[in-house]
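# Overview (structure and organization)
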Amino acid sequence: MSGTWRIGAGIALALALVGVCAWMFAINWAPPRQDFALQGVDVSDEDGRIDWFTVKAADVDFAYLRATAGADVRDAMFAEHWAALYEAGIPRGAIHVYSLCRLAADQAKSFVATVPRDPGALPPAIDLSFQPDCPARPERDVVLNEVRELATVIETHSGKPAILRISPAFEAQYAVSAAIPRTLWSSGMFFPPSYLARPWRMWQASAMRRIEGIERPVNWDVVAP
């Protein structure tokens with residue numbers, strides 16, 4: 001029995017070491033710079049306070065901030081992060097998280113009231129994903145018209161065409177990428193995704209990258225060449 005126990009313990013130790021190595025690789029992984037020269041992060045108030053000068057030193061080329069969600073949620077850290085990014089000299093952009101449970105007009109109002117006009121900012125982004133607080137699943141035509149209306153108002157405010165960040169599940173149900181001609185931002189851990197109808201321009205490649213200046217694992221994004 002002791003020999004069997006030693007073998008079992010050895011296997012368990014080996015598996016634990018493999019797990020630790022895999023975890024260390026994952027939290028430090030990013031797509032190669034020779035393939036994706038521009039790389040950055042997207043964050044929200046869930047990431048807490050951030051030392052953006054330290055982040056910039058970690059080769060972060062840009063940052064997107066969640067500004068609003070639905071018609072009522074304004075990110076508690078948006079204004080602080082927005083100002084700090086300017087001070088650190090990191091290009092900045094704002095994200096609106098779309099809700100299937102609220103009218104586009106009301107959501108657009110919240111975004112316009114929250115995000116300052118800034119000709120130097122990156123194009124605004126609209127996050128299209130299923131949210132846990134909204135069980136509604138409207139018909140596709142309704143959703144497409146609402147997203148178009150939201151994008152139009154946000155674009156008028158920002159002066160730039162919006163980017164659509166579409167989750168795989170949302171795209172599978174509503175096929176947004178084939179219907180709305182905007183720059184696309186895809187999501188897929190570690191491997192370049194192919195679920196959109198058109199080539200993506202941005203890719204959220206990891207949700208577990210660790211970098212200096214941010215205490216929590218962070219979303220890591222890259223721009224296609």
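Residues numbered from 1 in each chain as written. Predicted model: local features only at pLDDT ≥ 70, side-chain atom pairs only at ≥ 80, totals over all residues. Heavy atoms only, no water.

## Description of the environment of Ala 57
Put simply, the test is: Segments assigned H or I by DSSP are reported as helices when at least four residues long, segments assigned E as strands when at least two residues long, and all are numbered from the N terminus. The cut-offs for exposure are 20% and 50% of the maximum accessible area for each residue type, with area from a 1.4 Å probe on protein chains only; residues under the lower value are buried, those over the upper are exposed, and the others partly exposed.
Among the structural elements, Ala 57 can be located in helix H2 (residues 52–57). On the accessibility criterion, Ala 57 (64% relative accessible area) is exposed. When the C-alpha positions of Ala 57 and Glu 212 are compared, they lie 8.5 Å apart, and in sequence the two are 155 residues distant.

## Concerning the confidence of the model for the protein
Note the threshold: pLDDT expresses how confident the predictor is about each individual residue, on a scale running from 0 to 100. Working rule for contacts: check all heavy atoms of both residues, and any pair within 4.5 Å makes them a contact.
Of the residues in the protein, 88% reach a pLDDT of 70 or more, and the chain-wide mean stands at 91. A low-confidence stretch, residues 9–23 stays under pLDDT 50, and its non-local contacts, those more than four residues away or across chains, total one contact.

## Points about helix H5 (residues 140–158)
Heads up, the condition is: Each residue after the first adds 1.5 Å to the expected span of a helix.
In this model H5 runs 27 Å from its N-terminal to its C-terminal C-alpha over 19 residues, within 8% of the 27 Å that 1.5 Å per residue would give. Taken together, the buried residues of H5 touch strand E4 (92–97), helix H4 (104–114), strand E5 (125–128), strand E6 (163–166) and helix H6 (168–174). Gly 159 sits one or two residues past H5 and shows a positive phi near 80°.

## Re the packing of aromatic side chains
Here is the rule we go by: In this analysis, rings of Phe, Tyr and Trp, with Trp reduced to its six-membered ring, are considered paired at centre separations within 6.5 Å, and the interplanar angle assigns stacked below 30 degrees, edge-to-face beyond 60, and tilted for intermediate values.
If you walk through the whole model with that rule in mind, you get eleven aromatic pairs. Centre to centre, the rings of Phe 62 and Tyr 64 are 6.4 Å apart; their planes meet at 80°, and the pair counts as edge-to-face. A residue is classified by how much of its surface remains accessible, and Phe 62, at 6% relative accessible area, is buried. With centroids separated by 5.0 Å and ring planes inclined at 45°, the aromatic side chains of Phe 170 and Tyr 174 adopt a geometry described as tilted. Within this pair, Phe 170 and its partner Tyr 174 are both found in helix H6, separated by four residues, close to a single helical turn.

## Some remarks on the pattern of salt bridges
The condition that has to hold: The term salt bridge refers to a pairing of a side-chain nitrogen on Lys or Arg with a carboxyl oxygen on Asp or Glu at a separation within 4 Å.
For the coordinates displayed, the defined rule picks out nine salt bridges. A salt bridge links Arg 92 to Asp 118, with the shortest nitrogen-to-oxygen separation between them at 2.8 Å. Highlighted residues: Arg 92 in strand E4 and Asp 118 in the loop between H4 and E5, separated in sequence by 26 residues. Between Arg 165 and Asp 127 there is a salt bridge; the shortest N-O distance is 2.9 Å. One end of the pair, Arg 165, is in strand E6; the other, Asp 127, is in strand E5, and 38 residues separate them in sequence.

## Side note on the pairing of E5
Test applied: Whether two strands pair depends on DSSP finding at least two bridges between them. A right-handed crossover is one whose linking path, passing over the helix from the first strand to the second, runs clockwise when the strands point away from the viewer.
Residue alternation in E5 divides its side chains into two sets, Ala 125 and Asp 127 and Ile 126 and Leu 128, and both sets are buried. Pairing of E4 with E5 involves three bridges; the strand directions are parallel. If you follow Ile 95 over to E5, its bridge partner there is Ala 125. Handedness of the crossover joining E4 and E5 through H4: right-handed. As judged from the four bridges shared by E5 and E6, these two strands associate in the parallel manner.

## Quick look at the environment of Ala 136
Positionally, Ala 136 belongs in the loop between E5 and H5. With 35 residues separating them in the primary sequence, Ala 136 and Cys 101 have C-alpha atoms 6.0 Å apart. In this view, Ala 136 contacts Leu 100 and Cys 101; residues no more than four positions away in its chain are not counted.

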